[in-house]
Amino acid sequence: MQPNSPWSKHFIQVAGANNQAFTVASQQALDNINSLFAQCTKPYSGLTPDLLKEAIYNSNLDKVEPLQQVIEQTNDLIAKNSIMVQHPHCIAHLHTPPLISSVVAEFYIAALNQSMDSWDQASAATYLEQFIIDWLLKTYALGDSADGVFTSGGTQSNLMGLLLARDWFAQHYSGHNIQQDGLPDYGNKLRIICSDKSHFTIQKSASLMGLGERSVVCIKTNIQGQMDTVHLQSTLDDLLAQGLLPMAVVATAGTTDHGAIDDLQEIIKISRHFGLWCHVDGAYGGALMLSQKHKSRLLGMESADSVSVDFHKLFYQTISCGALLIKNKTHFKSLLHHADYLNREGDDLPNLVDKSIATTKRFDALKMFMTLKGVGANTLGEMYDKLIELTQAVAKSVQQNSHFELCCEPLLSTVLFRLSTKYQGLLTLNEFNQLQQKLRLQLLTCGDAVIGETKVDGKLYLKFTLLNPCLTLNNFDNLFKKIERHAQQLIPNT
Ligand SMILES: *Cc1c(COP(=O)(O)O)cnc(C)c1O
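- The protein is annotated in an unreviewed UniProt entry as Pyridoxal-dependent decarboxylase from Psychromonas ingrahamii.
- Word for word, the UniProt comment on the protein under Cofactor (unreviewed entry) is "pyridoxal 5'-phosphate".
- Recorded under Sequence similarities (unreviewed entry), the UniProt text for the protein is reproduced unchanged: "Belongs to the group II decarboxylase family."

Here is the structure:
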């Protein structure tokens with residue numbers, strides 16, 4: 001590209017060229033973002049969804065404007081009407097306020113635009129991703145034969161873990177190569193076992209892998225939300241007696257609603273006994289490995305065949321950022337395909353595409369590098385300790401508040417609660433559920449609070465998912481008052 005091309009101002013230039021356009025635009029965006037956060041008083045602007053949609057659809061893509069103006073419009077229309085994940089009352093999902101180290105890493109990731117598929121697109125980046133993976137393997141004590149790869153998050157990690165399990169099983173069971181020959185004739189008999197509180201991406205993975213959702217068998221959970229391992233044993237016996245072929249057990253380390261961590265040691269033992277692959281979905285609770293106080297809750301994870309970890313949740317990374325770790329690196333061969341233009345068979349330099357289902361892939365490992373160096377694994381662990389303590393305290397204040405009713409003791413950092421039955425009055429359960437659904441939507445669309453909603457045994461519960469370790473109990477006192485005020489508007493006579 002010639003620096004004097006009419007398009008030069010649209011690209012970053014090299015070799016001492018003037019990058020004023022880049023500097024000016026970056027500074028303008030930074031100033032705008034900073035003042036947006038400084039002025040933010042609500043987790044959502046309160047613009048009605050209809051008006052927001054209309055404003056966005058009114059943008060005329062045929063009208064090209066100077067970048068400076070586009071940045072201002074983006075700020076006013078998009079940024080100001082975004083869900084403000086840094087606000088203390090934005091606590092619906094496993095959707096984290098990102099660390100500054102991660103946001104700044106994004107600046108490098110975007111400007112350098114390395115692609116992780118091959119070394120000739122990601123020289124330092126290839127080694128850095130592997131360096132961080134090696135650190136993770138050590139942290140999770142997966143042993144010398146282990147390996148891993150960065151993914152776009154828990155969904156992709158779960159899919160990959162189960163895909164490797166499926167291919168391993170067919171090879172092991174009948175010498176069948178699914179990568180080459182597709183599903184074997186017993187494909188409709190394959191079964192994946194998880195708990196009824198496992199993440200829905202287990203069903204979704206089964207469907208994508210050509211096994212169908214019906215191949216997923218759910219084990220009931222105890223009152224703590226953990227897989228009932230006695231039921232796991234008897235179910236495996238039953239499946240075998242029916243001539244079906246269980247291939248993998250999925251244990252969850254931190255269920256999305258309750259934060260329940262399955263008995264990993266027992267599930268590993270059972271998986272070994274039946275000769276099955278054991279995948280641990282640690283998208284939420286896997287982070288506890290950094291907490292000196294709570295890491296023992298993950299005992300057994302070191303023996304898993306595959307583990308999903310998700311950095312854009314409790315590791316406070318910007319989206320997207322996750323990893324799949326596997327105990328025996330040879331299983332990655334199911335994903336290997338040589339392409340003449342990209343990863344030739346005799347390549348000496350490493351090409352990470354060899355173990356990924358993605359080709360072009362983001363350099364997300366840089367965010368974890370800058371976080372581990374700039375914040376530190378121990379500090380993250382201390383944040384989790386604080387968070388778990390705060391969650392317990394929030395649950396206690398729900399119990400002490402006559403307007404609310406707690407669903408169950410929190411296990412990790414979620415609090416499930418609902419309006420006290422005094423609000424139910426003569427309403428049926430269904431009507432009472434709908435009322436609370438309306439309450440959540442009203443809080444969201446007026447911009448007062450972004451809280452979660454789920455169902456437990458047919459009852460609708462509101463949900464807080466705590467991630468921000470800087471919150472205090474005081475933030476929650478204010479939030480409870482807001483919820484009470486809205487509840488009383490919906491049901492005036494309480
Ligand atoms: C969030 C979550 C997932 C999905 O991960 P994404 O990063 O959203 O793709 C899977 N399993 C559990 C337990 C989760 O909490």
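1. Remarks on empty space enclosed by the protein
Over the atoms a probe the size of a water molecule is rolled, and this reveals where empty space is left.
Here is step 1 of the chain: Per the counting criterion, the structure on display carries two cavities of 30 Å³ or more.
Here is step 2 of the chain: Considered as a void within the structure, the largest cavity measures approximately 70 Å³ in volume.
Here is step 3 of the chain: Surrounding the largest cavity, Leu94, Lys197, Ser198, His199, Thr252, Gly254, Thr255, Thr256, Asp281, Ala283, Tyr284 and Lys313 form its lining.
Here is step 4 of the chain: A breakdown of the residues in the lining of the largest cavity according to their chemical character gives three nonpolar, six polar and three charged.
Here is step 5 of the chain: Of the pockets and cavities examined, the second largest cavity occupies roughly 60 Å³.
Here is step 6 of the chain: If you trace the second largest cavity, you find 13 residues lining it, with Val85, Cys90, Ile91, Pro97 and Asn468 closest to the centre.

2. Some details on the UniProt feature "modified residue: N6-(pyridoxal phosphate)lysine" (unreviewed entry) in the protein
Here is step 1 of the chain: Sequence positions flagged by UniProt for "modified residue: N6-(pyridoxal phosphate)lysine" (unreviewed entry) are, in local numbering, Lys313.
Here is step 2 of the chain: Checked against the element boundaries, Lys313 lands in the loop between strand E6 (306-310) and strand E7 (322-326).
Here is step 3 of the chain: With relative accessibility at 14%, the residue Lys313 sits in the buried group.
Here is step 4 of the chain: Not counting residues up to four positions away in its chain, the partners in contact with Lys313 are Leu94, Thr96 and Ala283.
Here is step 5 of the chain: In this structure the side chain of Lys313 is engaged in a polar contact, spanning 3.4 Å, whose partner is the side chain of Asp310.

3. Thoughts on the domain arrangement of the protein
In many analyses, interface size is given as the accessible surface area lost on bringing the parts together.
Here is step 1 of the chain: Each assigned domain of the protein is listed with its residue range as follows: domain 1 (8-82), domain 2 (107-374) and domain 3 (377-490).
Here is step 2 of the chain: Taking only C-alpha atoms into account, the centre of domain 2 sits 31 Å from that of domain 3.
Here is step 3 of the chain: The partner domain 3 presents 21 residues to the 24 residues of domain 2 that form the contact.
Here is step 4 of the chain: Taking both partners together, domain 2 and domain 3 bury about 2000 Å²; carbon and sulfur atoms supply 61% of that area.
Here is step 5 of the chain: Area buried by domain 2 at its contact with domain 3 is led by Asp257, His258 and Tyr316, which between them contribute 33% of it.
Here is step 6 of the chain: The tally of links from domain 2 across to domain 3 stands at one salt bridge.
Here is step 7 of the chain: Of the charged contacts, one joins Lys463 and Asp257 as a salt bridge, the two residues approaching to 2.7 Å between their closest N and O atoms.
Here is step 8 of the chain: Considering only residue class, the side of domain 2 that touches domain 3 consists of eleven nonpolar, ten polar and three charged.

Thresholds, definitions, all that
- Residues numbered from 1 in each chain as written.
- Predicted model: local features only at pLDDT ≥ 70, side-chain atom pairs only at ≥ 80, totals over all residues.
- Heavy atoms only, no water.
- UniProt positions renumbered as here; feature names shortened; annotations may be inferred.
- 1 Å grid on protein atoms, 1.4 Å probe; cavity = no way out; pocket = protein on both sides within 12 Å on 5 of 7 lines; lining within 4 Å.
- Points joined across faces, edges and corners; volume = space filled by probe spheres on them.
- Nonpolar A, V, L, I, M, F, W, Y, C, P; charged D, E, K, R; others polar.
- Helix = DSSP H or I, 4+ residues; strand = E, 2+ residues; numbered from the N terminus.
- Buried < 20%, exposed > 50% of the residue type's maximum accessible area, 1.4 Å probe, protein only.
- Contact = heavy atoms within 4.5 Å.
- Polar contact = N/O pair within 3.5 Å; in protein donor to acceptor, adjacent residues only side chain to side chain.
- Domains from an automatic or database assignment.
- Buried area = accessible area lost by both parts, 1.4 Å probe.
- Salt bridge = Lys/Arg side-chain N within 4 Å of Asp/Glu carboxyl O.

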